[in-house]
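Chain by chain, the residues run as shown.
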Amino acid sequence: VQLQASGGGLVQAGDSLRLSCATSGRTFSRYGMGWFRQAPGKEREFVAGITWSGGRTYYADSVKGRFTISRDNAKNTVYLQLNSLKPEDTAVYYCASVLSTILPFPQRTQEYDYWGQGTQVTVSS
């Protein structure tokens, strides 16, 4: 199973980015997906999650209204649209897969089984 995250970069505050996570090696449409981020010196934190069908999405309060998670099961890819970026959004962003999405939607790292390698997002002020 492989998850490949991409799309990060260096942007200015207020700019947008679109992260992608391409997966292979398992039936993508059976699994929920999540995006996490980890800033230097901080723990990895949940950012957004989406159910296997894409019918429900969940967000951390800090990104609600600015970030949008989506998925394309035909392309085995999950996306994270980052709008109105702030310097505090600077972090390495990781995608991960989760088998069970029984509510409450999983937000702990230990609930996820496979992880991508991460993509760096840096927002300058």
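That block above? That's the structure.
Residues numbered from 1 in each chain as written. Predicted model: local features only at pLDDT ≥ 70, side-chain atom pairs only at ≥ 80, totals over all residues. Heavy atoms only, no water.

### Let's talk about the packing of aromatic side chains
Item 1. Counted by the stated rule, this structure contains seven aromatic pairs.
Item 2. Considering the side-chain rings of Phe36 and Phe46, the 5.7 Å spacing of their centres and the 80° angle between planes classify their relative orientation as edge-to-face. Taken together, the residues span a long stretch of sequence, with Phe36 in strand E4 (residues 32–38) and Phe46 in strand E5 (residues 45–50) at a distance of 10 residues. Here Phe36 matches Phe46 in class, with each residue buried. (Phe/Tyr/Trp six-rings, centres within 6.5 Å; stacked < 30°, edge-to-face > 60°. Helix = DSSP H or I, 4+ residues; strand = E, 2+ residues; numbered from the N terminus. Buried < 20%, exposed > 50% of the residue type's maximum accessible area, 1.4 Å probe, protein only.)

### Some remarks on unusual backbone geometry
Item 1. The residue Asn76 is not glycine, and still its phi comes out positive at about 55°.
Item 2. Mapped onto the secondary structure, Asn76 falls in the loop between strand E7 (67–72) and strand E8 (77–82).
Item 3. One non-glycine residue, Ser84, lies in the positive phi region at around 50°.
Item 4. With respect to the helices and strands, the residue Ser84 is situated in the loop between E8 and strand E9 (91–98).
Item 5. Taking relative accessible area as the criterion, Ser84 reaches 40% and is therefore assigned partly exposed.

### Thoughts on the nonpolar core
Item 1. Counting residues in hydrophobic clusters, the biggest one holds 27 residues, and the most contacted among them are Trp35, Leu80 and Tyr93.
Item 2. Listed by contribution, the elements that provide at least two residues to this core are strand E1 (2–6), strand E3 (17–24), E4, E5, E7, E8, E9 and strand E11 (119–124). (Core = buried A, V, L, I, M, F, W, Y, C linked by side-chain atoms within 4.5 Å.)

### Re the pairing of E5
Item 1. Counting buried positions over the six residues of E5 gives five, a clear majority of the element.
Item 2. When E4 meets E5, the two strands line up antiparallel, connected through five bridges. Bridging across to E5, Arg37 finds its partner in Glu45.
Item 3. The antiparallel hairpin formed by E4 and E5 contains six residues in its connecting segment, where Gly41 sits at a positive phi of about 80°.
Item 4. Strand direction decides the pairing type here: E5 and strand E6 (residues 57–59), joined by three bridges, are antiparallel. The partner of Gly49 across the bridge, within E6, is Tyr58.
Item 5. The turn linking E5 back onto E6 is made up of six residues, and Gly54 within it adopts a positive phi angle of 85°. (Pairing = 2+ DSSP bridges.)

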